[in-house]
Structures are given as structure tokens and as C-alpha cells.
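Examining the three-dimensional arrangement
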Amino acid sequence: MQKKLLIIEDDPGLQSQMRWCFAEDVEVILAQDHETAIAALRRHEPQVITLDLGLPPDPGGSTVGFQLLHDLLQLAPSTRIIVVTGREERENAVTAIANGASDFYQKPLDGDILAFVVERAFRLYSLEREHEEKQQRHSASSLKGIVASSPQMLEICRTVEKIAPADVTTLILGETGTGKEVLAKAIHQLSSRAGNTFQAINCAAIPENLLESELFGYEKGAFTGASAQKKGKVEQADGGTLFLDEIGDMPMPLQAKLLRFLQERVIERVGGMKEIPVDVRVVCATHQNIQTLISEGRFREDLFYRVSEITLRTPPLRERSGDAVVIAKYLLEQYCKSMDKPNMTLSSGAVLAIQNHKWPGNVRELINKIKRAVIMADGKKIQASDLELSEHEAGSTDALNLRQVRETAEKNAIVHALELSGHNMAQASRLLGVTRPTLYNMTDKYNIHTQSN
Ligand SMILES: Nc1ncnc2c1ncn2[C@@H]1O[C@H](COP(=O)(O)OP(=O)(O)OP(=O)(O)O)[C@@H](O)[C@H]1O
């Protein structure tokens, strides 16, 4: 990584003295006031900045310097900022550190010491990045079958780790393909039942008249064709975990039977007379809105409270920041191995397309696309077209229009800057690098609420 140092100093003499203090591998960029400093930060993204607090129009004071310190950190919080103060400004140095500066240096200039302080800042910067990367790698989910780096999913994984050892009935809600079944399996694997069986049944996939016997089993002669006794899924799961997928599709009469089982922990096979005790942990899932089903009279409220001792909500892939790309890379590695096509990577266009796509089919859709791409790609680099995605897909079908894309981006940036600055127009305009009148024009144009309108 090219080391970049931004020197913010309004005294031209000091500026030129400072620029020659550093080793050859450091690219030095100069700025002399608030505006040029923000512009240089945006353009060069330096890792380290030296900031003279006395800047125009207040070269004798420190107000502009402190404001700039604040704005720089808002824009680039991980940048290491060394505040340069006069000999008598010890208090300013302390305040600057309290406000986020990472170090300070007192004038008069001593080239060797300044070079040392700056070098140390570069070293700390890279150590911090290394640490962050490691953290990210470590924070990736440790649950089997779940790849995740988003805070939302990592939180769910932590909850799963907590609830797995307790025998609570769990309801997992979420769109199709978001990983509800993988989470149910993880709950089972982390529980004391892991050595026993995990049985899954999809209530939506089995015809209504067969579901009862599938779940609870039947005795010989219970109905035409019942030539021998058969255990149902509940009994098969004895000692282990029963996963009831799409529980929202369970017919009402069966819901009553399931409720009875959950309350009394005994079943009766179809055509059977005796009660059979069964020890299972039940995990349920549905992609449907249970509250709506309850209000429409299609799901029993008492059963809902029974099955939802703990409720987990798996967010759709489009709402999990960064997960789609992380999972895509993981899947790519898997399919490269299994299809014997080593070392394939995603092009930057493909990454962009994955980030921008809405993923209505969630992880299952992603799996299909990556599988296809590994088969279809001509070279080692997978392009957006191999995934049947468009790089330009910006989440909405009409976002190909450049003006619209620009306007949306402008609008988002303005709203963000206003939020960051607590709706202070002067500060927001500085963050955005525009004048205050321009910002007023833009908030009018986009109908953005400010404190004054
Ligand atoms: N975080 C993840 N990392 C890796 N693979 C995942 C992840 N989440 C889901 N998958 C995979 O995606 C596929 C769909 O997951 P799963 O069947 O658990 O979803 P679901 O929510 O139960 O779907 P449905 O509602 O359609 O039954 C599976 O092949 C699963 O292994």
C-alpha cells in the first residue's frame, strides 16, 4: 500500500520544510486551508495527516483547526491525524486528542522527530487495518453451513449459540431461501440432542390428507393401504429435533393436534388407541406473516405462542450488508473444487452486480447463479454476465438513466451530511465540499427537509 501523508499547513515556509522530512516511500500531499484539505482527503485518501490548528481565516486561533479535525474524522474516521501545535498550546493538544486526533507534535520543527512520529502513525494505521481484517475473519459465523459477515446475521448466530443448549421451542421467520433450515440444523447440532436425529418435514409440500399420518404415523389397517404400522416424523425424531418447515401452511385440524402434542408431549398414531410419549425439541419456520394468518383465522393464536418461545428473524439477503459477496466467494471456492475448475475469481463488475442485485430468491438464488457462472465462464474471471446479472443494476430497473443515478446519489449524500452535522447547514456544506447557497439550492431541488424549511 502506497503511504500517503497529507500536510495541512498554511505557512508556505513550513510547508516546504516539512515536505522534505519524510522517507522516499511516502507520497506527500499539501493543503493550506479547510477547503483544500477536504478536497485532498477526498482525492488522495491519505492514511496519515498532520494538521496545523492555526489555519485561515483564524491563523492565530484554533477554531478552524478543530472544525477541520472534526470534519476530517467524519469523512475518514480511521485516518491517523497528528495535530501540530505551538509551544504554548499544550491545552489545545490535549483537547485535540480528546476529539479524535491520534497524536500531537509541538513546534518548532525538528525533521527527525516529525518523521519518527509520522512513521509511527503509518505503522499503527497498518496494524489497525490488519487487526480489523482479522476481526472480520474471526467474526465470520462459526455455525456450520452459515457464511456471514453482516452484523445482522452474526447477531442471529450468537442468539442461536445461546438458545441451542436450552430446550426451547423456536420459530424462525424469514423469506424463502434465507437459511431457516440451516439455522434449525445449527440449533440441533449445538444442542445436547446433536448425537440423535434431526427430522425435517415441509408442511406445505405434503397433501393435507397425508400430513397427519406423515407427522404422527399410523397403525396397520388404519386406512386403505395401511398394510403395516408406520412411525411418523415426530416419533422418528424421538430424542432429537423435529423441524416443521412452512408451519403457516398447516391445516387447522392438524394445528389442534400439534398443539396437544406440544402441551402433553404424547402422540397417537392414526388409527391407534394408545398415547405414546415422545421427547423432541421442536423448531418451526415459515416465510408467511403469522400475525396476518392469525387475524385471518388461518393460524391458531395459542399454537403461535406455543411454538414461538423464541423467535428468530432471518433478514433477506439484500438487507445484510456485505453478506451476498462473502457468500458468493465462499460458494465460488466450493464449486471450483467440486467442478475441478481451480482459481476462478469474481471480476469487480461481478462483485458490483452481486452487491446491487435485490436477491428475491435469497441465498438459494445466489447458489444457482454461482453454479451457473462456474460452468459458463470462459476464463478464470467471472463476469456479471456469467451470473446473468447487470453491473448497472442499481436496485431499480430504471436506474440506468445517468441523470437519475446522479440525482439519487446526490440526494443520499445530502441527507447523510445533514444527519452527520445535526442539520447544521454550514457544516453539512463543508462536508459535501459545496457552498452553503448551493446546498440550499439542492435541498430545495430535492425537497429535502432542513431545520429551516
Ligand atoms: N448464510 C449462508 N451461508 C451459506 N449457505 C447458506 C446460507 N444460508 C442459506 N444457505 C444455503 O441456501 C440454501 C437455502 O437455505 P435454507 O433451505 O436453509 O433456506 P430456507 O429459508 O429454509 O428456505 P425455504 O423457506 O425455501 O425452505 C441451502 O442450500 C443453504 O445451505
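Residues numbered from 1 in each chain as written. Predicted model: local features only at pLDDT ≥ 70, side-chain atom pairs only at ≥ 80, totals over all residues.

**Points about the sheet that holds strand S4 (residues 80-85)**
Strand order in the open sheet made by the five strands is S2-S1-S3-S4-S5, with parallel pairing throughout. Only two strands of the sheet have a single neighbouring strand rather than two, namely strand S2 (26-31) and strand S5 (103-106). Each strand of the sheet is rotated relative to its neighbour by a mean of 20°, with strand direction disregarded. As judged from the four bridges shared by S4 and S5, these two strands associate in the parallel manner. (Pairing = 2+ DSSP bridges. Helix = DSSP H or I, 4+ residues; strand = E, 2+ residues; numbered from the N terminus. Axes fitted to C-alpha atoms, helices over the stretch in contact; angles between N-to-C directions.)

**Observations concerning helix H7 (residues 180-189)**
Burial runs high along H7: seven of the ten residues are buried. If you follow the buried residues of H7, they end up packed against helix H6 (151-163), strand S6 (170-174), strand S7 (198-202), strand S8 (241-245), strand S11 (281-286) and strand S12 (310-314). (Buried ≥ 20, exposed ≤ 12 C-beta atoms within 10 Å, placed from the backbone. Contact = placed C-beta atoms within 7 Å.)

**Quick notes on the packing of helix H13 (residues 323-338) against helix H14 (residues 348-356)**
Packed helix pairs are characterised by how far apart their axes lie and by the angle those axes make with each other. The interhelical angle for the contact between H13 and H14, taken along N-to-C directions, is 130°, at an axis separation of 8 Å. On the basis of their axis angle, the class for H13 and H14 is oblique. Once H13 is placed against H14, the crossing between them reads as right-handed. Here Ala324, Val325 and Ala328 of H13 lie close against H14, whose contacting residues are Val351, Ile354 and Gln355. (Parallel < 35°, antiparallel > 145°, perpendicular 65-115°, else oblique. Left-handed = near helix turned anticlockwise from the far one by under 90°.)

**Some words on the UniProt feature "modified residue: 4-aspartylphosphate" (unreviewed entry) in the protein chain**
In the UniProt entry, the feature "modified residue: 4-aspartylphosphate" (unreviewed entry) is given for Asp52. Along the chain, Asp52 falls in strand S3 (residues 48-52). Ignoring sequence-local partners within four residues, the contact set of Asp52 consists of Ile8, Glu9, Asp10, Gly65 and Val84. (UniProt positions renumbered as here; feature names shortened; annotations may be inferred.)

**Quick look at the sheet that holds S6**
Read across the sheet, five strands follow the order S7-S8-S11-S6-S12 without closing on themselves; strand pairing throughout is parallel. Of all the strands in the sheet, just S7 and S12 have a single pairing partner and so form its edges. Strand-to-strand, the axes of this sheet are offset by a mean angle of 20°, without reference to chain direction. Note that S6 and S12 share five bridges and pair parallel. Bridging from a neighbouring strand, Leu171 pairs with Thr311 of S12.

**Some details on the packing of helix H2 (residues 34-44) against helix H3 (residues 63-75)**
Where H2 meets H3, the axes come as close as 11 Å, and the angle between the chain directions of the two elements is 15°. Taken as axis vectors, H2 and H3 run roughly parallel relative to one another. The hand of the H2/H3 crossing is right-handed. Only Val64, Leu68, Asp71, Leu72 and Leu75 of H3 make contact with H2, whose side of the interface consists of His34, Ala37, Ile38 and Leu41. Counted by class, the contact of H2 with H3 contains seven nonpolar, one polar and one charged residues. (Nonpolar A, V, L, I, M, F, W, Y, C, P; charged D, E, K, R; others polar.)

**With respect to the nonpolar core**
Grouped together as the largest cluster of nonpolar side chains are 40 residues, with contacts concentrated most on Val234, Leu244 and Cys284. Apart from residues lying up to four places away in sequence, Val234 is in contact with Leu215, Phe216, Leu242, Phe261, Ile267, Val278 and Val280. Ile8, Leu69, Leu72 and Val83 belong to the second largest nonpolar core, which has 32 residues in total. (Core = buried A, V, L, I, M, F, W, Y, C linked by C-beta atoms within 7 Å.)

**Structural notes on H6**
Between its first and last C-alpha, H6 extends 18 Å over 13 residues, near the 18 Å set by a 1.5 Å rise per residue. Among all positions of H6, only Met153, Ile156 and Val160 are buried. End-on view of H6: buried residues confined to an arc of 55°, all on one side of the axis. Among the exposed residues of H6, those oriented more than 90 degrees off its buried face are Pro151 and Lys162. Residues of H6 that are buried in the fold lie against H7, S12 and H13. (Expected span 1.5 Å × (residues − 1). Arc of directions from axis to C-beta.)

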